[in-house]
Amino acid sequence: MADYFTTGMRLYLDHLVDWKELLEIRSGGAVDVDAEVGAYRTILETASAMAASFEPEARKNWAAEAELTADGGAQSPPHIRQAYDQLCEAGLISLTVSEQYGGYGLPALLNGIFLEMISRADTSLMMVVGLQTGAASDIERYASDEVKDAYLPRFTSGEVQGSMDLTEPEAGSDLGGISTRVTDLPDGRVQVDGQKIYISNGGAEIHLVLARDDDKFDESRGTTHGLSLVLVPRHLEDGSANGVKVPRLEKKMGIHGSATCEVLFEGSIGHRLGAAGEGFKAMLDLMNAARLGVASQSLGICEAAVHDAITYAHERKQFGKAIAEQPMVEVMLANMVVDSEAVRALLYRTYRLLDLNLARETALAGGDLPDAQATEMRADLDRDNARVRLLTPLCKYFATETCDQITRAAMQVFGGIGFTMDAEVAKLHADSLIMTVYEGTSEIQASFALREIGKGALGVVFTEIRSELAAMTDDPMRAELAKRVEGMAARVEESMGVMFSDISYALLRAKLLTEMVIDVIASCELLDQVGVDNSRLDIAESFIARHAIKADYLNQRIADHGDGILERNARVVAEAASQH
Ligand SMILES: Cc1cc2nc3c(=O)[nH]c(=O)nc-3n(C[C@H](O)[C@H](O)[C@H](O)COP(=O)(O)OP(=O)(O)OC[C@H]3O[C@@H](n4cnc5c(N)ncnc54)[C@H](O)[C@@H]3O)c2cc1C
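Rules used in this analysis
- Residues numbered from 1 in each chain as written.
- Predicted model: local features only at pLDDT ≥ 70, side-chain atom pairs only at ≥ 80, totals over all residues.
- Helix = DSSP H or I, 4+ residues; strand = E, 2+ residues; numbered from the N terminus.
- Rg over C-alpha atoms; globule rule 2.2 N^0.38 Å.
- Buried ≥ 20, exposed ≤ 12 C-beta atoms within 10 Å, placed from the backbone.
- Expected span 1.5 Å × (residues − 1).
- Arc of directions from axis to C-beta.
- Axes fitted to C-alpha atoms, helices over the stretch in contact; angles between N-to-C directions.
- Parallel < 35°, antiparallel > 145°, perpendicular 65-115°, else oblique.
- Contact = placed C-beta atoms within 7 Å.
- Pairing = 2+ DSSP bridges.
- Domains from an automatic or database assignment.
- Core = buried A, V, L, I, M, F, W, Y, C linked by C-beta atoms within 7 Å.
- Near = placed C-beta within 6 Å.
- Nonpolar A, V, L, I, M, F, W, Y, C, P; charged D, E, K, R; others polar.
- Left-handed = near helix turned anticlockwise from the far one by under 90°.

**Focus on the overall build of the protein chain**
Across its full length, the protein chain carries 19 helices and 11 strands. Taking 2.2 N^0.38 as the reference for a compact globule, 580 residues should give roughly 25 Å; the C-alpha atoms of the protein chain span a radius of gyration of 24 Å, in line with that estimate. In terms of overall dimensions, the protein chain has a C-alpha envelope of 70 × 70 × 60 Å along the principal axes. Per-residue burial over the protein chain gives 49% buried out of 580 residues.

So this is what it looks like as structure tokens:
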């Protein structure tokens, strides 16, 4: 059985996170760091063994569909329900929820690694587990104490699952189109009425629903103002049905075991999370966590594809030798490894910063810090929140696009059998295709990144990157690579200068700039890894060699602004449209 707890993961547990700093900020005092990290290691080792044990059934039952239930809900197929029950028995559920409610208070980085392992085994199961944790974390952050006490222990025991209900027929990428209505009731609760579509795990007991406040319904339509986030259970306290129904499931190309539901709310009673009209902020937290979750999910799929392709390429012989020995196959394999490690570098760097911010928020909320220290911490938090707001869409973009490419390359390595359902890689590729779409498409991630860059976040990120690169003087090879990354950062700034002079042009080129920025940050983090483990040098060198050239190329494409590209594109599309 493959070891799911990989070297790349262990590097962060053992070397690349300052656990002492993080845990002491979070707890406000001295912590037995070795004991905490030892407990984390045990959780991840247990998770790794369990996830690997789920893989055979998951692959065998990949095509098994989620199904509607007699009580108007939906459920995953039996193999996913069994795996979920085993995770509950092992206590590996809602891991980020605090100990007060029966969770582990696991840092986001380690929860991300956990989700990655589950996704490597069964990406549909990961949907269930990831949404369960995400919903619980948002409830812990935004609900009243009464609601937390009522629901969080049911999450940490695994009794209830969660879903995140945003999308509607007229509200996809643009959540300003939401028309599900939330109306205040005299007892402080609310009533929800409307239709949601494409809701993953929509048969869950607990729905977090983004809906428009009744009192500002007409004036706020078309905007994300006036939205509330509402916790709606399928059943009321007395066990009666709460008007939440799943009339139909989608038939999809992949993630068959994940129920993708239309969900109707008819006079459903719920509790607002956060203040009226501030639902979008609460939902943004959930969505940002979910975006990192999808990045972890994608990385898990990458790991499965890389493992399968490398194994097969060593077994399959053509022209008298293993195909892995053919340089063109070998380079595909090498690039698959390197690119998935680059995704890990960007993603874990982001999680690490997010954890630091969450710890600072906990410390500041405790109110025990001396004034000067609190002021300094708040300033650090503001600065680093800006960094996370930029890094999050970059992670979602990079991990999901890379997942698509890596699973496709794995199919190519398998040749003809890769196109058949006898090979697991075809299933992995089919699953990968949704990653670039849900939780905000790649285009939406690129436009979010552009907005954060426009607000100045890149300057903050690059200041830190440059100081890290400048300190890499220990080894001539690493120093040389650091210099190349500095050059890549300079290309980004040149491109920005061209793009931000014209907003339409900036939108046209947002994906190119996004990729350039990703390449710089991932390269720097790969070199940070080399600093603690010199055996990572080949990976860093390979990524930087390819992407330094790409930075020059993309910079030239962005500089090529003067010839009316937008107008030309419009003419090409209009001409084609006129023929249809
Ligand atoms: C299997 C599955 C599971 C899902 N799970 C959930 C869930 O659990 N909860 C939930 O709420 N939703 C869920 N969704 C919905 C998903 O998040 C949306 O499908 C997605 O956000 C895109 O919205 P849309 O389908 O309406 O596409 P559209 O918004 O119509 O986009 C169509 C195309 O136009 C592009 N586009 C749109 N606007 C812009 C712009 N401003 N700039 C550039 N390009 C743009 C998009 O990138 C895309 O390529 C799920 C969907 C699927 C298929």
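From this point, the discussion proceeds with the structure in view.
**Some thoughts on helix α4 (residues 78-89)**
In a regular helix each residue adds 1.5 Å, so 12 residues correspond to 16 Å; α4 covers 16 Å between its end C-alpha atoms and thus fits that length. Here α4 has its buried residues at His-79, Ile-80, Ala-83 and Leu-87. End-on, the buried residues of α4 take up no more than an arc of 100 degrees, which puts them together on one face. Summarising the geometry of α4, the exposed residues directed more than 90 degrees from the buried face are Asp-85 and Glu-89.

**Considering the packing of helix α2 (residues 19-27) against helix α3 (residues 33-60)**
Two measures define how a pair of helices packs: the angle their axes make with one another and the distance between the axes. At their nearest, the axes of α2 and α3 sit 10 Å apart, and the two run at 100 degrees to each other. Put simply, α2 runs roughly perpendicular to α3. Between α2 and α3, the residues in contact are Trp-19, Lys-20 and Leu-23 and Val-33, Glu-36 and Val-37, respectively.

**Considering unusual backbone geometry**
We note that Asn-201 has phi near 60 degrees; this positive angle belongs to a residue other than glycine. Relative to the elements of secondary structure, Asn-201 occurs in the loop between β5 (190-200) and β6 (206-213).

**With respect to the pairing of β5**
The two faces of the sheet receive side chains in turn, since in a regular strand these alternate between them. Where strand β4 (residues 181-184) lies against β5, 4 bridges are found, and the strand directions are antiparallel. Opposite Asp-184, over in β5, you have Val-190 as the bridge partner. Counting the residues in the hairpin turn of β4 and β5 gives 5 residues, including Gly-188, whose phi is positive at 95 degrees.

**A short note on the environment of Ser-447**
You can see Ser-447 is positioned in helix α13 (residues 442-454). Those residues in contact with Ser-447 that sit more than four places away from it in its chain are Leu-507 and Ala-510.

**Points about the domain arrangement of the protein chain**
Here the domain parsing of the protein chain yields domain 1 (161-278) and domain 2 (456-575). Here the C-alpha centroids of domain 1 and domain 2 sit 40 Å apart.

**A closer look at the nonpolar core**
Among the nonpolar cores identified, the biggest contains 172 residues, and Leu-346, Leu-394 and Ala-410 are the most heavily contacted of them. In terms of residue count, the dominant contributor to this core is helix α9 (residues 279-315) (19 residues). Those residues in contact with Leu-394, other than ones at most four positions away along the chain, are Leu-346, Ala-449, Thr-514, Val-517, Ile-518 and Ile-521.

**Digging into the site of the ligand**
Among the 19 residues in the neighbourhood of the ligand, the closest are listed as Leu-166, Gly-172, Ser-173, Ser-200 and Thr-441. Counting only elements with at least two residues in the shell around the ligand, the list comes to β3 (162-165), β5 and α13. The class makeup of the residues in the shell around the ligand is 8 nonpolar, 8 polar and 3 charged.

**Side note on helix α17 (residues 510-532)**
With 23 residues, α17 should cover 33 Å at 1.5 Å per step; its first-to-last C-alpha distance of 34 Å lies within 8% of that length. Among the 23 residues in α17, 19 count as buried, and that is most of the element.

**Considerations on the packing of helix α1 (residues 7-16) against α17**
Two elements in contact, α1 and α17, have axes whose closest approach is 11 Å; the angle formed by their N-to-C orientations is 65 degrees. α17 is crossed by α1, and the crossing has left-handed handedness. Contact residues: Leu-11, His-15 and Leu-16 in α1; Asp-528, Gln-529 and Val-532 in α17. Class assignment for the residues of the contact of α1 with α17 results in 3 nonpolar, 2 polar and 1 charged.

**Digging into the pairing of β4**
With 2 bridges joining them, β4 and β6 adopt parallel strand pairing. When the bridges of β6 are listed, Arg-181 appears paired with Arg-212.

**A look at the environment of Ser-124**
Mapped onto the fold, Ser-124 is located in helix α6 (residues 123-142). For Ser-124, a count of 28 C-beta atoms within 10 Å gives the class buried. Through-space distance from the C-alpha of Ser-124 to that of Leu-566 is 40 Å; in sequence the pair is 442 residues apart. When residues no more than four places from it in sequence are discounted, the contact partners of Ser-124 are Ser-76, Ile-80, Ile-255, His-256, Gly-257 and Ser-258.

**Description of the environment of Ile-178**
Tracing the chain through its elements places Ile-178 in the loop between β3 and β4. Under the C-beta neighbour-count criterion, Ile-178 is labelled buried, with 27 such atoms within 10 Å. Distance from Ile-178 to Leu-166, taken between C-alpha atoms, is 7.8 Å for residues 12 residues apart in sequence. Excluding its chain neighbours within four sequence positions, the residues that come into contact with Ile-178 are Glu-168, Ala-171, Leu-210, Ala-211, Arg-212 and Leu-227.

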